[in-house]
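Here's the letter readout for the chains.
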Amino acid sequence: VWALVAQPASATSKPALARTTTQTHIYQAFSSSGTPTVRITSILRGSCWNESLAAGRNDAWRCMSGNDIFDPCFSSPKAQGVVLCIMSPWSATGVEIVLTKRLPSSFAGRPSTAGLPWAIQTFTGLKCEFATGATMVIGGRRANYGCNSNEWLWGAPSRSWEPWMIYAAVVDAKHLSKRVKIAVAWF
């Protein structure tokens, strides 16, 4: 949450932004009636063989069409037989996969904010998505989130204070020392 903090006007002072809390959002690929919330750029045929590695949710899947892997792909009980695959929560478009096999397990319950976020936006403007492949490890912390810059976010967010914080460094860093504040965590 951004809030403008009032300060006396002077030649040397500028308004400061107070960074107080991390917002959590559960991404909705489908409306409550089962229609896509993004513009569909292509419709493919394929199947999902596992839970999503990117989004730890009971309605998110790792799917394949031809030789292409899509993760995460979201299902809805109101849209049987299809999943929507979205690159990031900032995407306005997605791919629909018409399922050639049933999903590995049934949709159950609601997504939660308990696990690792699917994507993170920092107060400094980094937009980062969870990396599902092999990455580097420094000091026991995995390069979990690739960002829209040369920086990565390492390990899990620290939720013990507000706003949440996480280590940030380039992928070939030798040690982790810089922490950034998390503005939004997408699940």
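Residues numbered from 1 in each chain as written. Predicted model: local features only at pLDDT ≥ 70, side-chain atom pairs only at ≥ 80, totals over all residues. Heavy atoms only, no water.

**Details of the packing of aromatic side chains**
Let me state the cut-off plainly: Within 6.5 Å between ring centres, the rings of Phe, Tyr and Trp (the latter by its six-membered ring) count as paired, and their orientation is classed by plane angle as stacked under 30 degrees, edge-to-face over 60, tilted in between. We count a stretch as a helix when DSSP gives it H or I for four or more residues in a row; a strand needs E for two or more, and each element gets its number in order from the N terminus. A simple rule labels every residue: compare its accessible area, found with a 1.4 Å probe on the protein chains alone, to the largest value its type can have, and call it buried under 20%, exposed over 50%, or partly exposed in between. Lysine NZ or arginine CZ positioned within 6 Å of the ring centre and within 35 degrees of the ring normal marks a charge as sitting over the ring.
Applying the stated rule across the entire model yields 5 aromatic pairs. Where Tyr27 meets Trp118, the ring centres are 5.2 Å apart and the plane angle is 75 degrees; that geometry is what we call edge-to-face. Taken together, the residues Tyr27 in the loop between strand S3 (23-25) and strand S4 (39-51) and Trp118 in the loop between strand S8 (93-99) and strand S9 (119-122) connect sequence positions 91 residues apart. A relative accessible area of 6% places Tyr27 in the buried class. Residue classification places Trp118 among the buried positions, given a relative accessible area of 2%. Residues Phe130 and Tyr145 carry aromatic rings whose centres are separated by 5.5 Å and whose planes lie at 80 degrees to one another, so their mutual orientation is edge-to-face. Note that Phe130 is positioned in strand S10 (residues 127-130) and Tyr145 in strand S12 (residues 141-147), a separation of 15 residues in sequence. Each of the two residues, Phe130 as well as Tyr145, counts as buried. Three or more aromatic residues link up through ring pairs in this structure, and these residues are Tyr27, Phe74, Trp118 and Trp186. Positioned above the aromatic ring of Tyr167 is the side chain of Arg179, whose terminal nitrogen or guanidinium carbon lies 4.8 Å from the ring centre.

**Overview of the nonpolar core**
A general tendency of soluble globular proteins is for nonpolar side chains to be buried together. Using the following cut-off: Residues enter a nonpolar core if they are buried and are Ala, Val, Leu, Ile, Met, Phe, Trp, Tyr or Cys, with the set joined through side-chain atoms within 4.5 Å.
With 18 residues, the main nonpolar core has Tyr27, Ala29, Phe30, Phe74, Ile86 and Trp118 as its most contacted residues. Mapped by element, the contributors of at least two residues to this core are strand S7 (82-85) and strand S15 (179-186). No other element matches S15, which puts 3 residues into this core. Among the nonpolar cores identified, the runner-up in size contains 14 residues, and Leu126, Phe130, Cys147 and Phe187 belong to it.

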